[in-house]
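Chain by chain, the residues run as shown.
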Amino acid sequence: MVGNYNTVVSHSFGRHSHWQGRSGRSYDMISENLDHFALGDTELYLLAKGNHVLWVGATSELVGDPLSRARFRLALDCADRVFRLVTPGTEAQRLSTIWDLEGAEPVADVRAA
């Protein structure tokens, strides 16, 4: 074959993590590499420093909300981890999910002895 191919293959082998929102709902998250982090079009992301949530949102928040964009920039400078929501839900659920995750905390893994 002749040609210039610029194909990037990306596999999501991130570690699963469970977070509990302020409503008590449990969320399955996948950790992403913060150094190579890029927002997807439809996924919800959570940026955190330790167990403290700094920003939750999606691309649409960055485009349409200047305050969210400013919070995202600050969170990106301070964050030491980023997670992607496994099942982001419908568009109608997005805002309530963002609100719920802004007060979320990681759930400790319970392992059998």
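Remember, it's a predicted structure, so these values are computed and weren't measured experimentally. (Residues numbered from 1 in each chain as written. Predicted model: local features only at pLDDT ≥ 70, side-chain atom pairs only at ≥ 80, totals over all residues. Heavy atoms only, no water.)

> Please explain the overall build of the protein as it appears in this structure.
Looking only at helices and strands, the protein features three helices and six strands. Reading the secondary structure of the protein in the N-to-C direction produces β-β-β-β-α-α-β-α-β. In the protein, which comprises 113 residues, the share counted as buried stands at 30%. (Helix = DSSP H or I, 4+ residues; strand = E, 2+ residues; numbered from the N terminus. Buried < 20%, exposed > 50% of the residue type's maximum accessible area, 1.4 Å probe, protein only.)

> When you look at the confidence of the model for the protein in this model, what are you seeing that I'm missing?
Low-confidence regions, as indicated by low pLDDT, have predicted coordinates that should not be scrutinised in detail. Counting all residues, the mean pLDDT for the protein is 83, and 82% of those residues have values of 70 or more. Low confidence marks residues 1–12, where pLDDT is under 50. Its contacts with residues over four positions away, or in another chain, come to three contacts. (pLDDT = per-residue confidence, 0-100. Contact = heavy atoms within 4.5 Å.)

> Just to check I follow, could you spell out the packing of aromatic side chains for this structure?
Here a ring pair, both rings aromatic, is described through the centre-centre distance and the interplanar angle of the planes. Overall, the coordinates contain three aromatic pairs when judged by the stated rule. Seen in terms of ring centroids, tryptophan 55 and phenylalanine 72 are 4.8 Å apart; in terms of plane orientation they differ by 65°. Their pairing is edge-to-face. With tryptophan 55 in strand β4 (residues 52–57) and phenylalanine 72 in helix α2 (residues 66–78), this pair connects stretches of sequence that are 17 residues apart. (Phe/Tyr/Trp six-rings, centres within 6.5 Å; stacked < 30°, edge-to-face > 60°.)

> It is not clear to me how the environment of glycine 50 should be interpreted in this structure. Could you clarify?
Inspection of the secondary structure assignment puts glycine 50 in the loop between β3 (45–49) and β4. In sequence terms glycine 50 and aspartate 80 are 30 residues apart; their C-alpha atoms lie 6.8 Å from each other. Beyond its immediate chain neighbours, meaning those up to four positions away, glycine 50 contacts Trp19, Asp80 and Arg81.

> I would appreciate a short explanation of the layout of surface pockets in the present structure.
Over the atoms, a rolled probe matching the size of one water molecule traces out where space is still vacant. Approximately 160 Å³ is the volume found for the second largest pocket. Around the second largest pocket, the lining comprises 13 residues; the ones closest to its centre are Arg15, Ser17, Arg81, Phe83 and Pro106. The dominant element in the lining of the second largest pocket, judged by the number of residues it contributes, is strand β1 (residues 16–20), at four residues. Classifying every residue of the lining of the second largest pocket gives four nonpolar, six polar and three charged. (1 Å grid on protein atoms, 1.4 Å probe; cavity = no way out; pocket = protein on both sides within 12 Å on 5 of 7 lines; lining within 4 Å. Points joined across faces, edges and corners; volume = space filled by probe spheres on them. Nonpolar A, V, L, I, M, F, W, Y, C, P; charged D, E, K, R; others polar.)

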